[in-house]
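Listed here are the chains, written in short residue letters.
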Amino acid sequence: MYAQMVDTGVSKVRSLDELEPTERAFQEKVDTGTRIEPKDWMPEKYRKTLIRQISQHAHSEIVGQLPEANWITRAPTLKRKMILLSKVQDEAGHGLYLYCAAETLGISREQMIADLLSGKAKYSSIFNYPTLTWADIGAIGWLVDGAAIINQIPICRSSYGPYARAMVRICKEESFHQRQGFEILCRLVKGTPQQKAMAQDALNRWWWPALMMFGPPDAESPHTAQSKQWRIKLFTNDELRQRFVDQTAPQADYLGLKIPDPELEWNPDRGSYDFGQIDWAEFYDVIKGNGPCNRERLQARIKAHEEGVWVRDAALAYDEKKRNAENAGIRKSVPGVPGDLGVNQL
Ligand code: FAQ
């Protein structure tokens, strides 16, 4: 019942000489850094690849609210509760920008949500792990938002205009999220021995799943080569993963925490950290739907969707009433107030 590979029809990356004239003109546009906009001609496979990636990204933001929302009622202080609440709300906003960006490619919001709820569409593997202690909220901000930023900053320069533009604001907010997580851990490591142990335990559990967020190794990534040619991706999964390790290892040192990888070591020749083998069997298991929380996450989204029916129905009824009144000339639109409630956006 869970996510399957999405066939976007790309089997081999073709060089400029092998492309049809329209495709070649498109590729040249991409190569010169010209943004592709919704009404521009684009290869069907480019459109499908973007729908696949942007919708998965949107679902990740929405499902990604769940592990942290679990701690809103248990945050240790009112201030922490307010910060966490607004972080979780930000993730909802990111999901909405991304669904809007995907809609510009001709897929409906309803279809994307149906694909998520039926288990057909993927979302990031990371959100299928549980948040067991308050330190996990720190670890999510530090590692998960940290990984998300490294992956998403390049997307601000990707070829598809609506996706790239959505990513600018998202990255600014993710940067705040990353700092709030790091700050939670800074406090915990300076606390009691139990608090420091809790921070270490969170790092132990989130480190490897955070590395998996970047996707399969390049040699096993079916989409990277074509997505790079189209500048949907600017870097490969392994390049970004390495960047994350290089950036995060000194932060762990600063916190006085130990990354749970005996092979992690600075390599002066490469100017990067070497690190141990990722358990790819675990990654594939999680993306097939067998992670610790996959079923729980999907159930939570299905429940929220079902319980939100009355909101969508009420909004539709209001919209219809307003349109009928306007058509009958009873009520005029108020200047400055959008005429259309945009119920599809709910
Ligand atoms: N989880 O050939 P590739 C966040 C799938 S947002 C699940 O390498 P691609 C914010 C992949 O979809 C986190 N599936 O694919 C936040 C493909 O399957 P398909 C999400 C994964 O697309 C923080 C297959 O494996 N970020 O954290 C994963 O070129 C805190 C083959 O892989 C984005 O979505 C995975 N980790 O590269 C929210 C960023 N990795 O479609 C709340 C945008 C791979 O053929 C709290 N996306 N797969 O069935 C991307 O950059 C890319 O899509 C990658 C994957 C890098 C994720």
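Computed from a prediction, not measured in an experiment: that's the story for all the values here. (Residues numbered from 1 in each chain as written. Predicted model: local features only at pLDDT ≥ 70, side-chain atom pairs only at ≥ 80, totals over all residues. Heavy atoms only, no water.)

A.B. asks: Pulling in residues and values, what's your account of the overall build of the protein chain?
C.D. replies: The helix and strand inventory of the protein chain stands at 13 helices and two strands. On C-alpha atoms alone, the protein chain measures out to a radius of gyration of 22 Å, which is about the 20 Å that the 2.2 N^0.38 rule sets for 346 residues. Counting only C-alpha atoms and orienting by the principal axes, one finds that the protein chain spans roughly 70 × 60 × 40 Å. When each of the 346 residues of the protein chain is scored for burial, the buried share is 49%. Intrachain contacts of the protein chain at a sequence separation of at least 6 include 76% that bridge at least 24 residues. Side-chain charges of the protein chain comprise 45 positive and 45 negative groups, with the mean position of each set lying 5 Å from the other. (Helix = DSSP H or I, 4+ residues; strand = E, 2+ residues; numbered from the N terminus. Rg over C-alpha atoms; globule rule 2.2 N^0.38 Å. Buried < 20%, exposed > 50% of the residue type's maximum accessible area, 1.4 Å probe, protein only. Contact = heavy atoms within 4.5 Å. Lys, Arg positive; Asp, Glu negative; His and termini not counted. Charge placed at Lys NZ, Arg CZ, Asp CG, Glu CD.)

A.B. asks: Would you mind going over the site of the ligand in detail, with residue names and values included?
C.D. replies: Taken together, 38 residues form the shell around the ligand, and within it Q56, K122, H223, K233 and N237 come nearest. At a separation of 2.8 Å, an oxygen atom of the ligand approaches a polar side-chain atom of S221. N237 is positioned with one of its side-chain polar atoms (N or O) 2.8 Å from an oxygen atom of the ligand. In isolation the ligand has 1,100 Å² of accessible area, and contact with the protein removes 96% of it. Only α2 (44-63), α4 (78-103), α6 (134-152), α7 (161-189) and α11 (280-290) provide two or more residues apiece to the shell around the ligand. Among the elements that line the shell around the ligand, the one with the most residues is α2, at six residues. (Near = heavy atom within 4 Å. Polar contact = N/O pair within 3.5 Å; in protein donor to acceptor, adjacent residues only side chain to side chain. Areas by Shrake-Rupley, 256 points an atom, 1.4 Å probe, with all protein chains shown as cover.)

A.B. asks: Before we move on, can you summarise the packing of α6 against α7 with the specific residues and values?
C.D. replies: For any two helices packed against each other, one specifies the inter-axial angle together with the distance between the axes. Packing of α6 against α7 brings their axes to within 7 Å, and their N-to-C directions diverge by 145°. In this structure, α6 crosses over α7, and the sense of that crossing is left-handed. Along the lines of polarity and charge, the residues of the contact of α6 with α7 split into 14 nonpolar, nine polar and two charged. (Axes fitted to C-alpha atoms, helices over the stretch in contact; angles between N-to-C directions. Left-handed = near helix turned anticlockwise from the far one by under 90°. Nonpolar A, V, L, I, M, F, W, Y, C, P; charged D, E, K, R; others polar.)

A.B. asks: Which residues make up the pattern of salt bridges, and what values do they have?
C.D. replies: Opposite charge on two side chains makes pairing possible when the charged atoms of those side chains draw close. Tallied over the full model, the rule gives 17 salt bridges. Among the ionic pairs, R297 bridges to E296, the shortest N-O distance being 3.6 Å. Where E307 meets K303, a salt bridge forms, and the shortest distance between an N and an O atom there is 3.4 Å. Linking E307 with K303, this pair stays in helix α12 (residues 294-307), spanning four residues, or about one helical turn. Linked through salt bridges whose partners overlap, the residues forming this network are E68, K87, E91 and D145. (Salt bridge = Lys/Arg side-chain N within 4 Å of Asp/Glu carboxyl O.)

A.B. asks: Describe the side chain of E174, naming the residues involved and giving the relevant values.
C.D. replies: Checked against the element boundaries, E174 lands in helix α7. No salt bridge is formed by the buried E174; the nearest opposite charge belongs to K87, separated by 5.4 Å. Not counting chain neighbours up to four residues away, the residues in contact with E174 comprise E61, E91, H94, D145, A148, I149 and Q152.

A.B. asks: Tell me about the packing of aromatic side chains, residues and numbers included.
C.D. replies: This model, assessed by the stated rule, comprises 12 aromatic pairs. A network of ring pairs unites the aromatic residues F26, W41, Y46 and W230 as a single cluster. Stacked on the ring of F235, the Lys or Arg R243 has its end atom at 4.4 Å from the ring centre. (Phe/Tyr/Trp six-rings, centres within 6.5 Å; stacked < 30°, edge-to-face > 60°. Lys NZ or Arg CZ within 6 Å of the ring centre and 35° of its normal.)

A.B. asks: Could you give me a rundown of unusual backbone geometry, with the residues and numbers involved?
C.D. replies: Only a minority of non-glycine residues have a phi that is not negative, and only a minority of peptide bonds are not trans. Not every positive phi belongs to a glycine, and R231 is a case in point at roughly 55°. Relative to the elements of secondary structure, R231 occurs in the loop between α9 (224-229) and α10 (237-255).

A.B. asks: Outline the nonpolar core, supporting the account with residue identities and numerical values.
C.D. replies: Judged by nonpolar contacts, the single largest core of 81 residues is most densely connected at Y46, I54, Y160, W206, W207 and F244. Ignoring anything within four residues of it in the chain, the contact list for W207 reads L143, F244, V245, T248, I259, P260 and D261. (Core = buried A, V, L, I, M, F, W, Y, C linked by side-chain atoms within 4.5 Å.)

A.B. asks: Now, about helix α8 (residues 193-212): what can you tell me, with residues and values included?
C.D. replies: Between its terminal C-alpha atoms α8 stretches 30 Å, which fits the 28 Å expected from 20 residues at 1.5 Å a residue. The axis of α8 is deflected most strongly, by about 35°, at W206, and proline P209 appears within four residues downstream. Of all the residues in α8, the buried ones are A199, Q200, A202, L203, W206, W207, W208, P209, A210, L211 and M212. Looking at the buried residues of α8, the elements they touch are α6, α7, α10 and α11. (Expected span 1.5 Å × (residues − 1). Bend = angle between axes of the 7 residues up to and from the residue.)

A.B. asks: So, the confidence of the model for the protein chain: which residues are in play, and what are the values?
C.D. replies: Interpretation of the predicted coordinates at a detailed level should be avoided for regions scoring low in pLDDT. Mean pLDDT over the protein chain: 93, with 92% of residues reaching 70 or higher. This stretch, residues 1-6, has a pLDDT under 50; its non-local contacts, to residues over four places away or in other chains, come to 22 contacts. Predicted confidence for residues 341-346 stays below pLDDT 50, and this span has 14 contacts to residues more than four positions away or in other chains. (pLDDT = per-residue confidence, 0-100.)

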